[in-house]
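# A closer look at the structure
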Amino acid sequence: MPLVVATLLFGLIGLVVHGLVFVLMGGATANTADVEGDYGASFATSLGPAGTLVLSIVSFVFGIFVQASFLSGALDLADGRPVSVGSFFKPRNFGNVILAALLLSVISAILDAVSLLPSFVFALLSLVAILVFTFFALFTIAFATDRGLPPIDALKHSFATVRANAGSTLLSLVAQFLLLLIGAIPCGLGLLVTVPLALLIQVYTYRRLAGGPIAPVTP
């Protein structure tokens, strides 16, 4: 239940934060005009380059904050600690998490840039490279959050863990994907439940494969 409530709260907070940034950066304008004695109103939405950049930065930081907060709360569960809604709003080692996320973004952007070369082959190679990198970097944020590792060390640990347990990692990813797919079918409402479940599967997989502690199931 704390996970479900936190998911709902983060969704609402995200809407408010992004909406405020959009409006404050001039992304929404309203105009009135007098046409032959009749007043009309129009509403337009658009962001310039500066506004788009600010909104992108806010979205990035907010998204990483949410991910680190959820991971931190789920790690508390894995440690056997009692959790509440507030447990999912206290990200561990957030500085290292932000740096790790930036590292992943830069590498992904470089791999994506390969697709700009004038050939379908390069676009295909770029897609495959991004998918492979994403797979092996799956636990980077978890290592940065849980152990406070620097970005490069967290990425190395993720690669080593996935390389040694590729089958189990893939099985976990498939289970998480199926949960999210099922949750998205009824107008996305099921995601309130399946997103937390997918997160718990991810943390369980990370702790089990990385040799970390997992609290026994309690009635």
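Residues numbered from 1 in each chain as written. Predicted model: local features only at pLDDT ≥ 70, side-chain atom pairs only at ≥ 80, totals over all residues. Heavy atoms only, no water.

## Quick look at the packing of helix α3 (residues 94–113) against helix α6 (residues 151–164)
So the rule is basically this: A fitted line through C-alpha atoms serves as each axis, taken over the contacting stretch for helices, and the angle formed by two N-to-C directions is quoted from 0 to 180°. Helix and strand assignments follow DSSP, with helices taken as H or I runs no shorter than four residues and strands as E runs no shorter than two, numbered in order from the N terminus. Throughout, the term roughly parallel applies to angles under 35 degrees, roughly antiparallel to angles over 145, roughly perpendicular to angles from 65 to 115, and oblique to all others. Helix crossings fall into two classes, left-handed where the near helix is turned counterclockwise from the far one by less than a right angle and right-handed where it is turned clockwise. Every residue pair with non-hydrogen atoms within 4.5 Å of one another is taken to be in contact. The classification used treats Ala, Val, Leu, Ile, Met, Phe, Trp, Tyr, Cys and Pro as nonpolar, Asp, Glu, Lys and Arg as charged, and all other residues, Gly among them, as polar.
Where α3 meets α6, the axes come as close as 8 Å, and the angle between the chain directions of the two elements is 70 degrees. Classified by the angle between their axes, α3 and α6 sit roughly perpendicular to one another. With respect to the hand of their crossing, α3 and α6 are arranged in right-handed fashion. For the pair α3 and α6, contact is made by Asn96, Leu99, Ala100, Leu103, Leu104 and Ile107 and by Pro151, Ile152 and Leu155, respectively. When grouped by side-chain class, the residues that make up the contact of α3 with α6 number 8 nonpolar, 1 polar and no charged.

## What about the pattern of salt bridges?
Our working rule: Here a salt bridge means any side-chain nitrogen of Lys or Arg lying within 4 Å of a carboxyl oxygen belonging to Asp or Glu. Summary of the burial criterion: residues with accessible area below 20% of their type's maximum are buried, those above 50% are exposed, and those between are partly exposed, where the area comes from a 1.4 Å probe applied to protein chains only.
Under the counting rule described, the total for this entry stands at 7 salt bridges. Of the charged contacts in the structure, one is a salt bridge between Arg81 and Asp76, with a shortest N-O distance of 3.0 Å. In this structure Arg81 comes out as partly exposed when scored by relative accessible area, which is 46%. With a relative accessible area of 13%, Asp76 lands in the buried category. The salt bridge involving Asp79 is made with Arg92; its shortest N-O contact spans 3.3 Å. Taken as a pair, Asp79 in the loop between α2 (49–78) and α3 and Arg92 in the loop between α2 and α3 lie far apart in primary sequence, 13 residues in all. Overlapping salt bridges bring together Asp76, Asp79, Arg81, Arg92, Asp146 and Arg207 as one network.

## Some words on the side chain of Ser158
Relative to the elements of secondary structure, Ser158 occurs in helix α6. Residues within four places of Ser158 in sequence aside, it is in contact with Phe136, Ala137, Leu138, Phe139, Thr140 and Phe143.

## Examining the nonpolar core
The condition is simple: Buried residues of nine kinds, namely Ala, Val, Leu, Ile, Met, Phe, Trp, Tyr and Cys, make up a nonpolar core once their side-chain atoms join them within 4.5 Å.
By size, the foremost hydrophobic cluster in this structure holds 34 residues, and its most contacted members are Phe70, Phe139, Ile141, Leu199 and Val203. Among the secondary structure elements, those contributing two or more residues to this core are α1 (2–24), α2, α3, α4 (120–136), α5 (140–147), α6 and α8 (191–210). Broken down by element, the residue count for this core peaks at 9 residues, all from α2. Other than its neighbours up to four places away in sequence, Ile141 contacts Gln67, Leu71, Val97, Ala100, Ala101 and Leu104.

## Some thoughts on the packing of aromatic side chains
Note the cut-off: A pair of aromatic rings is counted whenever rings of Phe, Tyr or Trp (Trp by its six-membered ring) have centres within 6.5 Å, and the orientation is called stacked for planes under 30 degrees apart, edge-to-face for over 60 and tilted otherwise.
A complete count under the given rule lists 11 aromatic pairs for this structure. Between Phe133 and Phe159, the aromatic rings sit 6.2 Å apart at their centres with planes inclined by 50 degrees, giving tilted as the arrangement. Here Phe133 is found in helix α4, whereas its partner Phe159 is found in helix α6, with 26 residues between them in sequence. The class of Phe133 is buried, set by a relative accessible area of 10%. For Phe159, a relative accessible area of 27% gives the class partly exposed.

## Overview of the environment of Pro91
Within the fold, Pro91 resides in the loop between α2 and α3. Distance in space between the C-alpha atoms of Pro91 and Phe65 is 6.9 Å, their sequence separation being 26 residues. Sequence-distant contacts of Pro91, that is, excluding residues within four places in its chain, are made with Phe65, Ala68, Ser69 and Ser72.

## Description of the layout of surface pockets
Condition: Only protein atoms enter the 1 Å grid used here. Points where a 1.4 Å probe fits but cannot escape make up a cavity, open sets with protein on both sides within 12 Å along at least five of seven lines make up a pocket, and a residue lines them when an atom lies within 4 Å of a point. Grid points are joined across faces, edges and corners, and a volume is the space filled by probe spheres set on the points.
Here the largest pocket is characterised by a volume of approximately 540 Å³. Around the largest pocket, the lining is made up of 20 residues, and of these Gln67, Leu138, Ile141, Gln176 and Gln202 lie nearest the centre. If you tally residues by element for the lining of the largest pocket, the top one is α2, at 5 residues. Split into classes, the residues belonging to the lining of the largest pocket amount to 15 nonpolar, 5 polar and no charged.

## Describing the side chain of Thr7
Note the cut-off: Polar contact is defined as a pair of N or O atoms within 3.5 Å, subject to the rule that within protein one atom must be able to donate a hydrogen and the other to accept it, and that residues adjacent in sequence are counted only when both atoms are side-chain atoms.
On the secondary structure map, Thr7 appears in helix α1. Judged by relative accessible area, Thr7 falls into the buried class, the value being 16%. In terms of polar contacts, Thr7 uses its side chain to reach the backbone carbonyl oxygen of Leu3, at 2.8 Å.

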